[in-house]
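# Overview (structure and organization)
Residue strings, one per chain:
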Amino acid sequence: MKAPVLIVYHSRVLSAIEIEVPRLPSGVYTALKETYGDLLDPGNDVALRWIANQSWTYSARFNSAEVGFDSQVNLTLYGIDTVSKVHLNGALLGETDNMFVRYSFAVGHLLLPSPSQNLLEIEILSPLQEASRRARELEELGVITGPASCPNARGDVECHRNHLRKMQMSFGGEWNPAALSSGIWKPVVVEYYALAVLRDIDVAIVRNDTHWTMDCRAFLSTPATEDFYAQLVVYANDLLDERYVLEKQRVSCASPVLEFKIHIPKDRVTLWWPNGYGKQKLYPVLFSVKCYASEDGASLSSRTESQKLLKVGFRTIELVEDKDHVGRTFFFRVNGHPIFMKGANYVPVHALPELSADADALEFLLKAAHEANMNMIRVWGGGLYESETFYDLADFYGLLVWQDMAFSQAAYPLESDFVSSVCVETVQNAQRLSYHPSLSLIVTNNEVELFLATNKSDFGENATRMESDYKSLFIGTILQELKVIARDDFSPRPGPMISTPSMGIAESSQDLDLQSPNFGDVHFWSDKDAFSPETYPHARFVSEFGYASLPIMSSWKRALGDGAEGSNEEIAMLIRSRQHDPKGFIPMLQLIAYQLPFVPQNWDENIEKFVYFSQVAQAMATKTGVEVFRSLRTGNHTMGALIWQLNDVWVAPTWSCIDFYGNFKIVYYWARDFLAPTSVIALYDSSTDSLNITLTREDFSEHRDSQLYYVLVNTYLWSGLVAKKTIARAFGLGSNDLEVRPVPLEYLLYENHSKEEVFMEIVLQDQSGETVAKNFFYPVPLKNIIGIKDPQLTLEVSGQDCKTATSPYTNSFSLRITVKSPALFVYLELSHPDYIQERHKFSTNGFTQIQPKKTIHLVFENDSECMTLTTSHIRVQTINQYLT
């Protein structure tokens, strides 16, 4: 098939635009990038909005010989964004209106014999116009969805997103642009089958005392109008001595599914564990299906045989909601073991869905989450059902997936066509994802229930109707459709849960506060002092919380493009234009002001300082929150903390830990420590003027495995590198244990020195004296400390000798940092103009240095060229320089 061509007629030009599309998947913005510029270039999210107001047509000509001239040819569209009409040789094959649905059309009867050329055309209608039209039509029919559903954000956002089954963030938001994408965002495949093709397999795992059971459902797609027969064979050499054969059986054309169970001795199986608790063992299992027209008839041609290769992990998972003295627990038990969930909320890797399945980007982000000791990723409901690559990587890296369905913060229409489409969406995506061991929970929406409760007074007389429609769609329809992957005799996974935040599943029918800390999960957002442990709720599970910051300077300059000078004025203008938080910069500036010496009104006079301070404040606040939640693990009280958010879709002031270009913010570097399985936590208790020191082990051992640890609290003056005082305590701690010991702060102060003059280093050592973990405690806001000096920091950079090095090159550099007094939050940033676009990582960053010499490693992914760095290519900042 020749490369598709994108064609449009519109009012801005006198003739048609015709663009050759080199490959699929493709989107209109992506196809027009070379002609009109990148959507993410400064101002283009608004300047190119006209593209979303047009209808576009993808067309391709092909000879029937290219696809095989056969009456049983089917065209399968795995993802069209969003509303389209599909024609072949002038005949309407069908229409699409849901980007999350797979569409298949029989095309064999329409193919022209060679050498005639067939013409395939996919006309994609304007998402803006379609959303508005559908909202208007439903309003005329009396279908109530409340006020226009517009993102609560600054910037040029768009409304009526609830009327299109499209990625909801496409219409804009508090941290992302309005990017009204359209196109062919998933593959287009020509399939050959007369009776059926194996589409998906649900593998539910259960075990007893002697065996594991793979309770399987093989879902077939078929155009047949009569029942047929199928035989299935399963190959799993690591699990079975012989292949498993499901003999030929009758299959209903109305519900084409094969159900069977495979029993495997327990000693053949190695468990799959979340990150930090064990290995992620995956077993390759091949499923092969042959279909027949009759029970004793000859098989059809070989192309009626279809196969799927899955990698299956063996684990059990449950959500425990037991009653206790304050409410109900809410924690995940994996393989019989309670696990504290540490992780982040994930958003698509790009604002344009056709770019969201980029394998390199997904590998980078999920590997980064793994290396930061995360064990759970929440796929947020404003985004997508992610690609197979995403879930395969989650399986591989041990990242449990909390999967929101693609509904967010809006009232959705209870209209028959809309509901029918949602039913197909629910079933198809559930069947596709269900076998992954990483899939831990499906939640039918993000904050829709909270949206209805919060805005109830604004809905007036429609409030009761909207609540009823909500229950009908999400409880009466979606929950019922999700039973396609449920079992009657056991639960393969928890849920589904209706909404987040929530009262959980057990209390979902109760009319209680959705943000109650005593039940379910909460989304925690507050303008209070984020550095005080008392600010944080003693909730059961915190599925959203976070703080905003700015990406590094080199990211802003890169976002400006090659034609810009990269001046402070240009960067400040870009920062302002991309601030979509309805509260503007106020929350970020307030957060900084609690701790750091910063004049909010003049942030644009020293942007480099603003960037640094914003990242320091974000890291300190996030660390405080996570450590509070981890310290409340006793009795399974608080059992999860998911940071908002892991990644980003553009360079902007957002809550991300990793910026759009893959640069790690300080909070990410710190997360590797404050999420480590064995940690020491130090939190101030103002009611007793004590430092609560918590030792936590979050791991798995078949036996108690009690170990002896020592905690040393070293007190330093800001003026010197030698500890003035040390207090030691011994802890005995077993696997998955936690112990808290309060230490009066007065015991830790040094002689007559005030809190402002000292800080504490908390060191955790094992029996052999090896350091397991470290932490720091600063008794007063950093802006109030006394005695801090210029550390007289010097930097030496060493790396490979490019004169003698050979390819592939090891582009790893040692940065030797020397100080003469404590250096607070040493921050390193690469500034080499030729290398800032190369993906790189420091071994740590934003650290407090109390040893005279420290070596940091800087590693680049690129090994195709030999790189050279000097000290002039590393920009260094410390808090000291702003306090002395």
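### Things to note about helix 11 (residues 463-481)
Helix length check: helix 11 (19 residues) gives 26 Å between terminal C-alpha atoms against 27 Å at 1.5 Å per residue, within 8%. Maximal helix bending in helix 11 amounts to about 25°, located at Ser472. When helix 11 is considered as a whole, its buried residues turn out to be Ala463, Met466, Asp469, Tyr470, Leu473, Phe474, Thr477, Ile478 and Leu479. Contacts made by the buried residues of helix 11 are with helix 8 (416-433), helix 9 (448-454) and helix 10 (456-459).

### Some thoughts on the environment of Leu352
Counting through the fold element by element, Leu352 comes out in the loop between strand 23 (341-346) and helix 6 (359-371). On the basis of relative accessible area, Leu352 is assigned to the buried category, the value being 4%. C-alpha of Leu352 to C-alpha of Leu473: the two residues are 121 residues apart in sequence and 28 Å apart in space. The residues touching Leu352, leaving out its near neighbours within four places in the chain, are Tyr29, Thr30, Leu39, Ala179 and Ser181.

### Topic: the sheet that holds strand 5 (residues 73-77)
If you trace the three strands from one edge of the open sheet to the other, you get 9-5-12, paired in antiparallel fashion. This sheet does not close on itself; its edge strands, each paired only once, are strand 9 (103-106) and strand 12 (188-192). Shown here is a sheet whose adjacent strand axes are inclined to one another by a mean of 25°, direction ignored. The pairing of strand 5 with strand 12 spans five bridges and is antiparallel. Across the sheet, Asn74 pairs through a bridge with Glu191, a residue of strand 12.

### A closer look at the packing of helix 8 against helix 11
Two elements in contact, helix 8 and helix 11, have axes separated by 8 Å at closest approach and are oriented at 40°. Note that helix 8 runs across helix 11; the crossing there is right-handed. On helix 11, the residues that touch Phe418, Val419, Val422, Cys423, Thr426 and Val427 of helix 8 are Leu473, Thr477, Ile478 and Glu481.

### A short note on the sheet that holds strand 41 (residues 847-849)
If you walk across this open sheet you meet the three strands as 41-39-43, and the pairing is antiparallel. Both outer strands of the open sheet, strand 41 and strand 43 (874-877), are each paired with one neighbouring strand and no more. Neighbouring strand axes in the sheet, compared pairwise and without regard to direction, differ in orientation by 40° on average. Sheet topology note: the strand 39 (residues 823-830)/strand 43 ladder contains four bridges and is antiparallel.

### Some words on the pattern of salt bridges
Following the criterion strictly, the structure yields 40 salt bridges and no others. For Glu698, the salt bridge identified is with Lys342, shortest N-O distance 3.4 Å. Linking Glu698 in the loop between strand 31 (690-697) and strand 32 (707-717) with Lys342 in strand 23, this pair joins segments that are 356 residues apart in sequence. We classify Glu698 as buried; its relative accessible area is 1%. For Lys342, a relative accessible area of 3% gives the class buried. Note that Arg378 and Asp404 form a salt bridge whose closest N and O atoms lie 2.6 Å from each other.

Procedures and definitions
Residues numbered from 1 in each chain as written. Predicted model: local features only at pLDDT ≥ 70, side-chain atom pairs only at ≥ 80, totals over all residues. Heavy atoms only, no water. Helix = DSSP H or I, 4+ residues; strand = E, 2+ residues; numbered from the N terminus. Expected span 1.5 Å × (residues − 1). Bend = angle between axes of the 7 residues up to and from the residue. Buried < 20%, exposed > 50% of the residue type's maximum accessible area, 1.4 Å probe, protein only. Contact = heavy atoms within 4.5 Å. Pairing = 2+ DSSP bridges. Axes fitted to C-alpha atoms, helices over the stretch in contact; angles between N-to-C directions. Left-handed = near helix turned anticlockwise from the far one by under 90°. Salt bridge = Lys/Arg side-chain N within 4 Å of Asp/Glu carboxyl O.

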